[in-house]
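# Analysis of the macromolecular model
Here is how the chains run, residue by residue.
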Amino acid sequence: MIDDDIPLRTVFEELLKFNGFDVIAKASNGKEAVAMFEKMEKKPDVILMDHRMPIMDGITATKEILKIDKNAKIIFASADLSIRELAFSIGASSFKNKPFTIQRLISNIKKLI
Amino acid sequence: MDEKQKALYSLIVDNGNDLIAIINNKFQYEYLNEKAHLNKLGYTKEDLIGKNRTDLIHPNDFKVGLELLEKGFKSDKYYQVEARFKHKDGHYVWLELRGRSFIDENGDKKGLLIARDITKSKEFELKLKELNEELEKRIEERSKELKDSEEMYRLITENSTDLIAIINKRNRYDFINEQSFQRILGYSKKDMIGKRTDKFLHPDDLNKLVKSLIKANFEGEGSLLARYKHKNGHYRWIETYGKMYKDSKGNSNALVIGRDMTEKLKAEQKLIESEEKFRTFTEQSIMGIGILQDEIFKYVNEAAANIIGCTKNEILNWGPEEFNKMVHPEDLKFLYEEIKNEEISKDTFNHYSFRIISKSGKVIWVDNYSKNIKFEGKPAKLLTVIDTTEKIENKLKLQESEFKYRVAFDKAEFYKDLLAHDFGNIFQNILATAELALSYLNDPYKAKEKLIGIMKLVEKAGRLNSNIRILSEIDKKKTNLKSINVKEYLDSSIIFVKNSYSRKKISVNEDYLIENPHVQADELLHDVFENVLINAIQHNNNKKIIIEVRISKIQKNRIGFIKIEFIDNGTGIHNDMKKDIFNRGFRENKSVRGMGIGLSLLKKIMISYDGEIYVEDKVPGDYIQGSNFILLFKEG
């Protein structure tokens, strides 16, 4: 889960856990996320990616992660609808426009895995 | 002959001036009149009698002398010859010799010689001959000279490109240099000799001819520019100059030299027309045109004068210093650099812009195209200028407008971004927390916790909304700063924040190094302090949040500042992000410690106070230990 909003990240983590998912890694910006992904032996099934983050944004981080693993499944979660087309064009598997319900997110995750 | 006659003849012979001698057939002297011989030749009887003295004859005259003697002896005629005889002292004497033979009383043939001294007349004759020869030589030389001169003048006249003519007193042609006349006017000698000059003139120029002739008669010379008819019928402009003179017979004639000016006049006319065209073009041009030479204007057109705001005459009367005064002082150095560069690029147009100050004091932008030229034989500059003031002003206005638009656009983007992202996240958080609360319906405690979380998020949204409002107010209004008691505002902000975060253990320690600090600020100072404190609280994972507030005084650039430090034990800020955290920015979104516009709002407010805000590590070099937010205020 990659998002610079720590409280939001905490809530999502709790919700996902409640619904049977493990959050195996968290990052506050794209750069941290890419470094973390590269080192991971067991890659996550799904990556939840925010867009607007400091140091490296979601679009750039997505490109980098896909270079490492072209099969990585990335769900873009952003309040900025204008980057939807861009996200898909660079390889994002899904796009969720904030605010969205946990059920929608879970449904999306299940489709991807 | 009787004795009396003999004595008489003897007297005559002895005393006569002429040399009389009798010689025999051997040419020996038998008698001579000694007085005369002594007088003329220096010889006595003893020197000559009985001697053949043909040796006394000058070698050059010997032949003719001997001839005389021989001929004389052969016949009884008189023979005459002129010959030189040697005087006793060596020089020669010219004698006119007459001789004939006769038979003496003894029946012998003798010769009678009578000689007259013609030395003087001979000398005179020789001199005359010499003079004649000299004269003849000179005449010959002179004739040759004249002939050569005549030949030369003939060559000159015949080969001259100009028309040369001699006109007699009856105004008729006596002579023309035919080659030139044929070439220029098509006439031969036959066509012109004996004809009146006015026959060849254009009817409209006859008056001019009359005036010219009158002048020539009075002043001895005159000139005329008139049209002469070519044999083909067309006219050619001929400029003539004539001078009166008298010939060898005393007749008055005029020597006239004429030059075909047709092409020159045509060229002049073309030049005039070209000049007229140029003048029309330059004077009607909307571009300012000028010629600058030695820093003085030699020519300006109306447009240039209008640009400068002076009359043409004023500008043409400027001295060199006036040109410098015309140029804007800030552009003078630049202009001289450009002029210097122009010296190098001689044949191309140089283009540059600069400002001038018009007569009325108005600043005018001009686009100048200048080129080095030759004017009246000396280097000069051709300047072509266009007043671009309006264009520049419009450009500046456009730039200003673009800037304002950009600022407005960026602001709109900023607020849009703010609303979309930050409120989006808040709503997402509220939604997710509500979903969680629903999940915990069987666990009232946890559910309550989540509901409280939602309330806090709503408060957060409220604060964000408030900050956005403050931000937009700062953008609009001008700040009215006043002297504010820092301690008062700090104390109230600390109380407010503690109440807002009542569930957290927050300790705020005060370290005021100056008493009663006052700063230049306004009511937003509450927001400043609250934002800093909230930021310190929100980004702190410790059980006990400790914030130290330190107030001191510093000098920066000789200005006194009140320094307020908020030192926390929070999560700290990485070096890479220390500058970016205050730049929520209109283009980038790189907020770190929490969302919202809190820190960028802080910066905006501090800027409006002419203050500063920046962050350092609590422990230098170790950001994890916490942050130190430093605010500098102007002393109030």
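What counts, and where the lines are drawn
- Residues numbered from 1 in each chain as written.
- Chains lettered and ligands numbered in written order.
- Predicted model: local features only at pLDDT ≥ 70, side-chain atom pairs only at ≥ 80, totals over all residues.
- Heavy atoms only, no water.
- Axes fitted to C-alpha atoms, helices over the stretch in contact; angles between N-to-C directions.
- Helix = DSSP H or I, 4+ residues; strand = E, 2+ residues; numbered from the N terminus.
- Left-handed = near helix turned anticlockwise from the far one by under 90°.
- Contact = heavy atoms within 4.5 Å.
- Nonpolar A, V, L, I, M, F, W, Y, C, P; charged D, E, K, R; others polar.
- Pairing = 2+ DSSP bridges.
- 1 Å grid on protein atoms, 1.4 Å probe; cavity = no way out; pocket = protein on both sides within 12 Å on 5 of 7 lines; lining within 4 Å.
- Points joined across faces, edges and corners; volume = space filled by probe spheres on them.
- Expected span 1.5 Å × (residues − 1).
- Polar contact = N/O pair within 3.5 Å; in protein donor to acceptor, adjacent residues only side chain to side chain.

### Here's the deal with the packing of helix H1 (residues 6-18) of chain A against helix H14 (residues 389-439) of chain B
The geometry of a pair of packed helices is captured by two quantities: the angle between their axes and the separation between those axes. At a minimum axis separation of 9 Å, H1(A) and H14(B) run at an interaxial angle of 35°. Judged by the twist between their axes, the crossing of H1(A) over H14(B) is left-handed. Listed contacts from H14(B) to A:Pro7, A:Leu8, A:Val11, A:Phe12, A:Glu14, A:Leu15 and A:Phe18 of H1(A) are B:Asn425, B:Gln428, B:Asn429, B:Ala432, B:Thr433, B:Glu435, B:Leu436 and B:Ser439. The residue inventory of the contact of H1(A) with H14(B), partitioned by class, reads eight nonpolar, five polar and two charged.

### Remarks on the sheet that holds strand S8 (residues 221-229) of chain B
Across a sheet, strands are paired by hydrogen bonds formed along the backbone, either parallel or antiparallel in direction. Residues and elements named next belong to chain B. Spatial ordering of the open sheet is given by S7-S6-S10-S9-S8, a layout of five strands whose pairing is antiparallel. Of all strands in the sheet, those bounded by a partner on one side alone are strand S7 (173-176) and S8. For this sheet, the mean inter-axis angle between neighbouring strands, taken without regard to orientation, is 25°. In this structure, strand S6 (residues 163-167) lies alongside S7, joined through three bridges in antiparallel fashion. Looking across to S7, one finds that Ala-165 is bridged to Ile-176. The sheet contacts of helix H8 (residues 206-219) involve S8 and strand S9 (235-246), and relative to S8 the element is tilted by about 160°.

### What to know about empty space enclosed by the protein
Residues and elements named next belong to chain B. Applying the stated criterion across every chain yields a total of four cavities of 30 Å³ or more. Taken as a whole, the largest cavity holds about 230 Å³ of empty space. As for the largest cavity, its lining consists of 23 residues, and the residues nearest its centre are Phe-297, Met-326, Phe-354, Leu-383 and Val-385. Within the residue set of the lining of the largest cavity, elements represented by two or more residues are strand S11 (288-293), strand S12 (296-300), helix H10 (302-308), helix H12 (320-326), helix H13 (329-344), strand S13 (350-357), strand S14 (363-375) and strand S15 (378-387). Per-element accounting of the lining of the largest cavity gives the leading share, four residues, to S11. Partitioning the lining of the largest cavity into residue classes produces 17 nonpolar, four polar and two charged. Of the voids in this model, the second largest cavity is the one considered here, and its volume is about 190 Å³.

### Here we look at helix H1 (residues 3-15) of chain B
Helix length check: H1(B), at 13 residues, gives a terminal C-alpha distance of 18 Å against a target of 18 Å (1.5 Å per residue), a fit within 8%. The opening residue of H1(B) is B:Asp2, an N-cap whose side-chain oxygen sits 3.3 Å from the backbone nitrogen of B:Lys4.

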